[in-house]
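# A closer look at the structure
Here's the letter readout for the chains.
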Amino acid sequence: MGNMKDQENRRRFLLTTAGLLAAGCQYNSGRGPISTSASSAQADDPQNLDSDDFNPREEIVGKGSKAEFLYGPLVLRQTWTKTTPRSGDGLNWFDGSPSSKSRIKSAVPPNRITVHHDAMHWAGGHSFAKSVDRLRTIRKGHLGRGWNDIGYHFAIDGRGRIWQCRPLQFQGAHVRGENPRNLGVLVMGNFEEQKPTRNQVNALDDALQRFCAYYKVPGRRIYGHRELGQTACPGKNLFPEVQRIRNRIS
Ligand SMILES: [Zn+2]
């Protein structure tokens, strides 16, 4: 009979696993403040990019930094959350093997990349504030599963902004059983239902190319989540783009 700690770990693992099997990367459409409108047609229009909502903070983040070199202009984590990942148990819960403070694993150097969607329908424009709201919602959901932080390392919104999420010094929590040295990239939207914007696809393409070049990850080591787990993620409308991009990267 295991001790109390083991039992608690097992309980949390089972809960986490059950939740993930049921939902994958998916969140119910309409959950959180994102999908407030039943009308969604304009969400997919790549021309429908706000120009008047530009937040000046966006201009200063990542400029001239290594991060910018690696991923293009990057919206730093501190722009959308003031909190750092909690230390201690929970960072790697997705694997059912919680890290302790002394055993936290790094995501770098990565040897593969996995692309996800969040399965939340995106409606309306692509304001900075809206992306902030969505990232906070996702992070809250992941914390609610017992993880210590948002599970992805980067996120790309409909306008093509690339957002820093979980810092790379921490292993991600985005593919059950396949997280070690696996960089997680979230593309915001539900791509079973809608199409990614041109800006999103271009940003994903650019980021994956830079990443593969810098870390010497071959294109064939870029995956859609569905190739590593039982899920539709990253959606039937995004997965072909992932295939197209990786086929061009040697
Ligand atoms: Zn996924």
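Above this text sits the structure in question.
The structure presented is a predicted model; accordingly, all values stated were derived computationally and were not measured.

### Quick look at helix α4 (residues 128–144)
For α4, built from 17 residues, the straight-helix expectation of 24 Å at 1.5 Å per residue is met to within 8% by its first-to-last C-alpha distance of 24 Å. Among the residues trailing α4, G146 stands out with phi positive, at a value near 95°.

### Here we look at the environment of P180
Mapping P180 onto the fold places it in the loop between β4 (162–164) and β5 (182–187). Residue class for P180 comes out partly exposed when judged on the 16 C-beta atoms lying within 10 Å of it. The spatial distance from the C-alpha of P180 to the C-alpha of K105 is 7.8 Å, given a sequence separation of 75 residues. Apart from the residues within four sequence positions on either side, P180 is in contact with K105 and Q171.

### A short note on helix α6 (residues 239–248)
Looking at α6, one finds that the buried residues are F239, E241, V242, I245 and R246. The buried residues of α6 occupy an angular sector of 155° when projected down its axis, which confines them to one face. Facing away from the buried side of α6 by over 90 degrees, the exposed positions are P240, R244, N247 and R248. On the buried face of α6, the contacting elements are β2 (112–117), α5 (198–215) and β6 (222–224).

### As for the environment of G235
Considering the arrangement of structural elements, one finds G235 in the loop between β6 and α6. G235 sits in the buried class, given 30 other C-beta atoms within 10 Å. The sequence separation of G235 and E192 amounts to 43 residues, and the corresponding C-alpha distance is 4.3 Å. Ignoring any residue separated from it by four or fewer positions in sequence, one finds G235 in contact with H117, N190, F191 and E192.

### Quick word on the pairing of β2
The buried fraction of β2 amounts to five of the six residues, a majority that puts the element mostly inside the structure. In the sheet, β2 pairs with β5 via six bridges, with the strands oriented parallel. By the bridge assignment for β5, H116 is matched with L186. Here β2 pairs with β6 via three bridges, running parallel. Following the sheet pairing, V115 is matched in β6 by G224.

### Notes on the sheet that holds β2
Reading across from one edge, β1-β4-β3-β5-β2-β6 is the order of the six strands in this open sheet, with mixed pairing throughout. Two strands lie at the open edges of the sheet, namely β1 (74–75) and β6, each paired on one side alone. Here strand β3 (residues 154–156) pairs with β4 via three bridges, running antiparallel. Of the residues in β4, the one forming a bridge with I156 is I162. α5 contacts β2, β3, β4, β5 and β6 of the sheet and is inclined by roughly 150° relative to β3.

What counts, and where the lines are drawn
- Residues numbered from 1 in each chain as written.
- Predicted model: local features only at pLDDT ≥ 70, side-chain atom pairs only at ≥ 80, totals over all residues.
- Helix = DSSP H or I, 4+ residues; strand = E, 2+ residues; numbered from the N terminus.
- Expected span 1.5 Å × (residues − 1).
- Buried ≥ 20, exposed ≤ 12 C-beta atoms within 10 Å, placed from the backbone.
- Contact = placed C-beta atoms within 7 Å.
- Arc of directions from axis to C-beta.
- Pairing = 2+ DSSP bridges.
- Axes fitted to C-alpha atoms, helices over the stretch in contact; angles between N-to-C directions.

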